[in-house]
Amino acid sequence: MNKPDMQINIAGVELKNPVITASGTFGSGKEYSEYIDLNKLGAITVKGVSDIPWKGNDSPRIAETYGGMLNSVGLQNPGVEAFIEEDLSFLKRYDTKIIVNIVGRTVEEYCRVAERLSDTDIDMIELNISCPNVKEGGVSFGTDLLMAERITEAVKKTAKQPLIVKLSPNVTDIVSIAKAVVAGGADAISLINTLLGMAIDINTRKPILANIVGGLSGPAIRPVAIRMVYEVAKAVDVPIIGMGGIMTGEDAVEFMLAGATGVAVGMANFTNPTATIDVLNGIEDYMIRHGFNNIEEIRKSLIL
Amino acid sequence: MKKLYYPIIIEQNQIARGTFSMKLQCNEIAETALPGQFVNLYCREGEMLLPRPISICETDREKGILTLVYAVVGKGTESFSRLKKGDTIKVLGPLGDGFKIDESIKTHILIGGGIGVPPLVELAKHLKGEIYAFLGFAESPILVEELESYGAKVFVATDDGSAGFKGNVIELFKNKNITGGMIYGCGPKPMLKAVGKWAEDMGIKAQISMEERMACGIGVCVGCVCKIKKKEEEDWQNRKVCTDGPVFWSEEVIWDE
């Protein structure tokens, strides 16, 4: 039997397969390059990059929860210059697409990062308006219809590369936010970012996270993510990168059936350093078993 | 390529209340591990997805055996304690940047508190010269014989006075009036802070092993940071305990009040 065609196209960018890394769970690939062949990935989405270095939140920043985890890292990163100098030059050695997740406190800060990246050799920008762990910017843009559209528009004007907008699930109506960013010029949508959560140590009676609240990720949130991908895919025409608790190829296929073209592996990287490759192999196995020739066929095969 | 291992547990014993010693047949890790490094142990239960970072107590390079001594502090470590000889466990490692060993130093002072004592065993094995180990426990001491077998003169303190000096390990250490060329500390934060303070007062360098809640253990998630101010840098930075540490120079650690 012929091998299925794994290639996908997101906003004109050809990915050799649909497996992408979720921002913040893969660094800039260096650490995982010791465990897997990065050339095998469809794309690498790097950890959020700001215009100047950010220190992030105080420790503890991690709390394990049932089937998932909370984090309140707060987008600690060395800034766009350090990213270009160290991480980008490393990533360019690999045959995979590079998606840069950008963060900011103001529209101007986001635009400065996009501008600085405009003459670099990256493939796409992912606009992060959904991080729940920073006080200004981040999710405050992603939960307000007007702001979401405005910031998308501003960054789209500045960016030279196709723009993915990453949505927050911490909203009442995900579809209206999706429509707003598409109206603002988003070339693709990725979802979901983490769900705002909290955990308390009952012995010390203190919140586990120094930041008190944090973002929940992992398989515990997958049904929420599947539902939101399904709703958004029905409502907009841009391609979708689905994520939220993908641990296996089967999980990834579930996102495709819900309407995702690409899939991103996040927390699973922490449980298993080869998770991305295992997911890729799992998708291929599923396609062979079920006679799918390409990803688009899976995406259109949901039976209601 | 680095990879996950699934070694067999060749021995598991409870060595004190809530404290277990697990021996793994894992040649790859045993052969390369250095003092102060740790491994990630993964739970079998699907609801607990994050690895538990466990310090390496001892390695036997010839036999390929890795000894881990850990305390049951939650559901994950409790699940490890239920594993039996012959079971396998998912392990990643060795991880982290451990203790630096300076061969010119003649006298070494090891200070361990509770479950911070295990990594001092492998350290003692690698040190040349005189070794003094000051160990503090809430109740039952552990690993005293092991440290002695590697030439350490061991002094014990317990909170309840059931063994050795009654009180904390820092008081015990100060009472003994012993000094040396390097201090190595592993234990609870207040102890490490006191070790750092003492080292600074005496003008001795100290290496301390930090602990923080971790997710990945390999430097990706940026979850396990502590504040580090390097001499050559203007300001402190959040540095990763898993890959920049776990061992740091005490003079570089900024303690939260």
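Residues numbered from 1 in each chain as written. Chains lettered and ligands numbered in written order. Predicted model: local features only at pLDDT ≥ 70, side-chain atom pairs only at ≥ 80, totals over all residues. Heavy atoms only, no water.

1. Section: the interface of chain B and chain A
In this complex, chain B contributes 34 residues to the contact, which on the side of chain A involves 36 residues. With both sides pooled, the region where chain B packs onto chain A buries about 2,800 Å², and carbon together with sulfur makes up 58% of that total. Across the pair Arg52(B) and Glu64(A) runs a salt bridge whose closest N-O atoms are separated by 2.5 Å. Where chain B packs against chain A, one counts 14 residue pairs in polar contact (both at pLDDT 80 or more). Its residues placed into classes, the side of chain B that touches chain A shows 19 nonpolar, five polar and 10 charged. (Contact = heavy atoms within 4.5 Å. Buried area = accessible area lost by both parts, 1.4 Å probe. Salt bridge = Lys/Arg side-chain N within 4 Å of Asp/Glu carboxyl O. Polar contact = N/O pair within 3.5 Å; in protein donor to acceptor, adjacent residues only side chain to side chain. Nonpolar A, V, L, I, M, F, W, Y, C, P; charged D, E, K, R; others polar.)

2. Observations regarding a nonpolar patch on the surface
A surface patch of nonpolar side chains, about 280 Å² in accessible area, is lined by Met198(A), Ile200(A) and Ile212(A). Within the secondary structure, Met198(A) is located in strand β11 (residues 195–198). (Patch = residues over 30% accessible without salt bridge, like charges linked within 9 Å, V, L, I, M, F, W, Y side chains within 5 Å. Areas by Shrake-Rupley, 256 points an atom, 1.4 Å probe, with all protein chains shown as cover. Helix = DSSP H or I, 4+ residues; strand = E, 2+ residues; numbered from the N terminus.)

3. Concerning the sheet that holds strand β5 (residues 65–71) of chain B
All names here are of chain B. Here six strands make up an open sheet; going across it, the order is β1-β2-β5-β4-β3-β6 and the pairing antiparallel. Strands with a single pairing partner mark the edges of an open sheet, and in this sheet they are β1 (8–16) and β6 (90–95). The average angle at which neighbouring strand axes cross in this sheet is 30°, direction not considered. Direction of pairing for strand β4 (residues 52–60) relative to β5: antiparallel, over a ladder of four bridges. Paired with Ile56 across the strands is Leu68, a residue of β5. In this fold helix α3 (residues 118–126) packs onto β4 and β5, with an angle of close to 35° to the strand it touches most, β4. (Pairing = 2+ DSSP bridges. Axes fitted to C-alpha atoms, helices over the stretch in contact; angles between N-to-C directions.)

4. What about the environment of Trp255(B)?
Residue and element names in this part refer to chain B. As for its placement among the helices and strands, Trp255 is situated in the segment after β15 (247–249). Taking C-alpha positions, Trp255 is 25 Å from Ile56, a pair spaced 199 residues apart along the chain. Discounting residues that sit within four places of it in the chain, Trp255 has contacts with Lys189, Leu192, Lys193, Ile208 and Met210.

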